Amino acid sequence: MTTDSLVNGFPPPPLPEDEEQPELLQTALDLSAPASDALVKNRKNAWIQLAGHPGAFAPAGPSTIWKRRINFKDSTETRAYEMLMKDSAHDIVPEFFREVEYNGEYFIEIEDLLQHFINPNIMDIKIGKRTFMESEVKNPVLRKDLYEKMVKLCPGAPAPEEREQQAITKLRYMQFREEESSTAEYGFRIEALRVSGESPTTNLKKVKTMAQIENVLCKFIKNQDSVRWKFHSRLKQIKEKFESSSFLMSHQIIGSSILFMFDEMGNTGAWMIDFSKTVPLPQGKTLTHRDDWALGNGEDGYLYGVDSLIKIFENLECSKSDSRNIHAPNNQDDG
């Protein structure tokens, strides 16, 4: 995606040069990434969008990026960033600057330090055992369209009763989709990645088995043990920061990703991104972020997914002579 494809007048003007800017952090794990569905922009190259809503992002100032609010009435992500900036977890997310209204639309401005990476390798992993809001699946109505989508993706998936009814609920469909990827078993799924010098790979939602996951991860890190251990260390830090965060422990974290990046200069990092479905729990309630979900308990399995990734990176064995190709299972769609 190039800036030519963006709507007229977008992006909005950057912050004035005389307005105070935060000091740029230079160490690899302190670099902040754009809070997007894996949108990345290397300022020496063209836009690259691995997933998410096309046209929703643009560069703003010299070290910031603008993200359009998809639902202009929903300020959930803005509120999440404002709270996270005051929280102990502030250094595992991009820095938030402000929300502005421009030409009748709303944007958040967050830190974009990708110019410190040269031809980065980028991977977006959606975290959690539940990727849908509870409000999305409370309706018990049986839907023929969702049954047809299920059969198209996996003809053998419907139970006998579902075949007779030729319809399923939204909850059944959403849980079916999670079982089709690694989400249900491991608490995460690889959304997309880009290896430096190659086109983005986005048809990864049905990567499910441990062998498939290891194949993709080894390809991404280019079989480099040093990169593997840096990601392992950063994931442990994210877990510890998450567990000590009053904000994260008292919110459902749905549809959020961890964005992984590294380059050949030794810069390596990972950050939590995308908080558009981060909603608070009732006063005084907290989550384990590991327990199984049942309608009404709010559990999202976020830390369960982080635990899984830590263990996988710890035990990952990649042969230096193995020039793996990424094998994406068939029957993918955008659902």
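Rules of the game
Residues numbered from 1 in each chain as written. Predicted model: local features only at pLDDT ≥ 70, side-chain atom pairs only at ≥ 80, totals over all residues. Heavy atoms only, no water. Pairing = 2+ DSSP bridges. Helix = DSSP H or I, 4+ residues; strand = E, 2+ residues; numbered from the N terminus. Axes fitted to C-alpha atoms, helices over the stretch in contact; angles between N-to-C directions. Buried < 20%, exposed > 50% of the residue type's maximum accessible area, 1.4 Å probe, protein only. Lys, Arg positive; Asp, Glu negative; His and termini not counted. Salt bridge = Lys/Arg side-chain N within 4 Å of Asp/Glu carboxyl O. Polar contact = N/O pair within 3.5 Å; in protein donor to acceptor, adjacent residues only side chain to side chain. Contact = heavy atoms within 4.5 Å. Core = buried A, V, L, I, M, F, W, Y, C linked by side-chain atoms within 4.5 Å. Parallel < 35°, antiparallel > 145°, perpendicular 65-115°, else oblique. Left-handed = near helix turned anticlockwise from the far one by under 90°. Nonpolar A, V, L, I, M, F, W, Y, C, P; charged D, E, K, R; others polar.

A. Geometry of the sheet that holds strand S6 (residues 105-111). The sheet built from four strands is open, its strands ordered S3-S4-S6-S5 with antiparallel pairing. For this open sheet the edge positions go to strand S3 (57-59) and strand S5 (96-102), each flanked by a neighbour on one side alone. Averaged over neighbouring strand pairs, the angle between their axes works out to 25° when direction is ignored. As judged from the three bridges shared by S3 and strand S4 (residues 64-68), these two strands associate in the antiparallel manner. Opposite Phe57, over in S4, you have Lys67 as the bridge partner.

B. Broad picture of the pairing of S5. Sheet topology note: the S5/S6 ladder contains six bridges and is antiparallel. Bridge pairing links Arg98 to Glu109 in S6. Linkage of S5 to S6, two consecutive antiparallel strands, is achieved through a turn of two residues, within which Asn103 is found at a positive phi near 55°.

C. Representation of the side chain of Glu134. Tracing the backbone through its elements, the reader meets Glu134 in the loop between strand S7 (121-127) and helix H2 (144-153). No salt bridge forms around the buried Glu134; measuring N to O, its nearest opposite-charge neighbour Arg130 is 4.4 Å away. In this structure the side chain of Glu134 is engaged in a polar contact, spanning 2.7 Å, whose partner is the side chain of Trp293. Sequence-distant contacts of Glu134, that is, excluding residues within four places in its chain, are made with Gln252, Trp293, Ala294, Leu295, Gly296, Asn297 and Gly298.

D. Spatial organisation of the nonpolar core. Counting residues in hydrophobic clusters, the biggest one holds 52 residues, and the most contacted among them are Phe188, Leu248, Ile258, Phe260 and Met272. Per-element tally for this core: the top contributor is helix H9 (residues 302-315), with seven residues. When near neighbours in sequence (up to four residues on either side) are disregarded, Met272 contacts Ile92, Val93, Pro94, Ile238, Phe242, Leu248, Ile253, Ser256, Ser257, Ile258 and Tyr302.

E. Summary view of the pattern of salt bridges. According to the stated counting rule, one finds 17 salt bridges in the structure shown. Across the pair Lys206 and Glu180 runs a salt bridge whose closest N-O atoms are separated by 3.1 Å. Taken as a pair, Lys206 in the loop between strand S8 (188-194) and helix H6 (210-221) and Glu180 in helix H4 (residues 170-180) lie far apart in primary sequence, 26 residues in all. Glu180 carries the same exposure label as Lys206, and that label is buried. Arg290 is paired through a salt bridge with Asp307; the nearest N and O atoms lie 2.5 Å apart. Remark: Asp307 occurs in helix H9 and Arg290 occurs in the loop between strand S12 (278-280) and H9; sequence separation between them is 17 residues. What makes Arg290 partly exposed here is its relative accessible area of 28%. Using a relative accessible area of 26% as the deciding quantity, one classes Asp307 as partly exposed.

F. How the structure looks around the packing of H2 against H4. Two elements in contact, H2 and H4, have axes whose closest approach is 10 Å; the angle formed by their N-to-C orientations is 20°. It follows that H2 is roughly parallel to H4 by the angle criterion. As for how H2 packs across H4, the hand of that crossing is left-handed. Across the interface between the two elements, Leu146, Lys149, Met150 and Leu153 from H2 touch Lys170, Arg172, Tyr173, Phe176, Arg177 and Glu180 from H4. Class assignment of the residues belonging to the contact of H2 with H4 gives a composition of five nonpolar, no polar and five charged.

G. Here's a closer look at the environment of Val141. You can see Val141 is positioned in the loop between S7 and H2. A relative accessible area of 46% places Val141 in the partly exposed class. Placed 28 residues apart in sequence, Val141 and Thr169 show a C-alpha to C-alpha distance of 5.8 Å. With near-sequence residues (within four places) excluded, Val141 lies in contact with Ile168, Thr169 and Lys170.

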